[in-house]
Amino acid sequence: MNRFKTYATAFVFTLALLLTNQSFAQVASFEQRGPAWWDALEMQLAESLDQSIDQIQDETLQHVIFFATNHADKVDFTELTPKLLDMFANDSNQARRTMSIVALHAIGNEMSMRRLAELAENEPAGSIRNITMAVLADYFSG
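Along each chain, residue indices are assigned from 1 in the same order as the chain's sequence is written. In keeping with the predicted nature of the model, local features appear solely for residues at pLDDT of at least 70, side-chain atom pairs appear and are counted solely at 80 or more, and the whole-chain, interface and lining totals rest on all residues. Working from all heavy atoms in the structure, the side-chain values ignore hydrogens and water.

Peer 1: How should the packing of helix H7 (residues 110–121) against helix H8 (residues 127–141) be read in this particular structure?
Peer 2: A packed helix pair is summarised by two numbers, namely the angle formed by the two axes and the spacing between the axes. Running from N to C, H7 and H8 point in directions that differ by 145°, and their axes come no closer than 10 Å. The element H7 and its partner H8 pack so that their crossing is left-handed. Across from Glu 110, Met 113, Arg 114, Leu 116, Ala 117, Ala 120 and Glu 121 in H7, the residues of H8 making contact are Arg 129, Thr 132, Met 133, Val 135, Leu 136, Tyr 139 and Phe 140. For this classification, the nonpolar set comprises Ala, Val, Leu, Ile, Met, Phe, Trp, Tyr, Cys and Pro, the charged set comprises Asp, Glu, Lys and Arg, and every other residue, Gly included, is treated as polar. Here the residues of the contact of H7 with H8 sort into nine nonpolar, one polar and four charged. Under this scheme, a helix contributes an axis fitted over its contacting stretch, all axes are lines through C-alpha atoms, and angles between N-to-C directions fall in the 0 to 180 degree range. Strands are runs of DSSP state E lasting at least 2 residues, helices are runs of H or I lasting at least 4, and numbering of each runs from the N terminus. Note on convention: near helix rotated counterclockwise from far helix by under a right angle means a left-handed crossing. Clockwise means right-handed. The contact rule is simple, with two residues in contact once any of their heavy atoms fall within 4.5 Å.

Okay, here's the thing in structure tokens:
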């Protein structure tokens, strides 16, 4: 079990790194943006996450993970956490469920992480449960 947990943790963080790996020039250009731009970004991503088109949801999740990981001082995605928790609990797409877990971790809202822990109790044994447990262990140990 420990070996699998280690692999699951490595998978989650590898996924997060792959999704957030952007060029330095692009990251630097975001530093030039003003508060109105960041507010508009938050609103746009919230609207995009509500779309019923899978590709839009997937790309939005990638953006949420990127911005929450790299620009947490400029964005607040707390309002997205109910939708992310709903994706985790109800989406049939395993990759989207995994990205919702990574996005929740990147956002780092304690109430949402506690709710994720509650939802994970009902999750059957398997990779999603293991990834969730690894993310929760990382969040609550840090």
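Peer 1: It is not clear to me how the packing of aromatic side chains should be interpreted in this structure. Could you clarify?
Peer 2: For any pair of aromatic rings, the description rests on two quantities: the centre-to-centre distance and the angle between the ring planes. Stacked, edge-to-face and tilted are the three classes for Phe, Tyr and Trp ring pairs, Trp counted by its six-membered ring, which pair at centre distances within 6.5 Å; planes under 30 degrees apart are stacked, over 60 edge-to-face, the rest tilted. Under the criterion given, the structure shown has nine aromatic pairs. Centroid distance Trp 37 to Phe 67: 6.5 Å. Interplanar angle 65°. Geometry classified as edge-to-face. Here Trp 37 is found in helix H3 (residues 35–49), whereas its partner Phe 67 is found in helix H4 (residues 54–70), with 30 residues between them in sequence. Classification of Trp 37 by relative accessible area gives partly exposed; the value is 29%. Joined through ring pairs, the aromatic side chains of Phe 30, Trp 37, Trp 38, Phe 66 and Phe 67 make up one cluster. One Lys or Arg, Arg 33, reaches over the ring of Trp 37 and ends 4.8 Å from the middle of that ring. Residue exposure (1.4 Å probe, protein chains only): buried if accessible area is under 20% of the type maximum, exposed if over 50%, otherwise partly exposed. Geometrically, a lysine NZ or arginine CZ counts as sitting over a ring once it is within 6 Å of the ring centre and also within 35 degrees of the ring normal.

Peer 1: Sorry if this is basic, but what is going on with the pattern of salt bridges here?
Peer 2: Side chains that carry opposite charge are capable of pairing whenever their charged atoms lie near each other. The term salt bridge refers to a side-chain nitrogen of Lys or Arg lying within 4 Å of a carboxyl oxygen of Asp or Glu. Following the criterion strictly, the structure yields eight salt bridges and no others. A salt bridge links Asp 91 to Arg 96, with the nearest nitrogen and oxygen atoms 3.1 Å apart. In this structure, a network of salt bridges that share partners links the residues Asp 54, Asp 58, Asp 91 and Arg 96.

Peer 1: What exactly am I supposed to notice about the environment of Glu 31 here?
Peer 2: Mapped onto the elements of the fold, Glu 31 is located in helix H2 (residues 24–31). For Glu 31, a relative accessible area of 42% gives the class partly exposed. Distance from Glu 31 to Lys 74, taken between C-alpha atoms, is 9.3 Å for residues 43 residues apart in sequence. Once you skip the residues sitting within four places of it in the chain, Glu 31 turns out to touch His 71 and Lys 74. Pairs of N or O atoms are called polar contacts if they sit within 3.5 Å, as long as, within protein, a hydrogen donor faces a hydrogen acceptor (for residues adjacent in sequence, only side-chain-to-side-chain pairs). At 3.4 Å, the side chain of Glu 31 and the side chain of His 71 are in polar contact.

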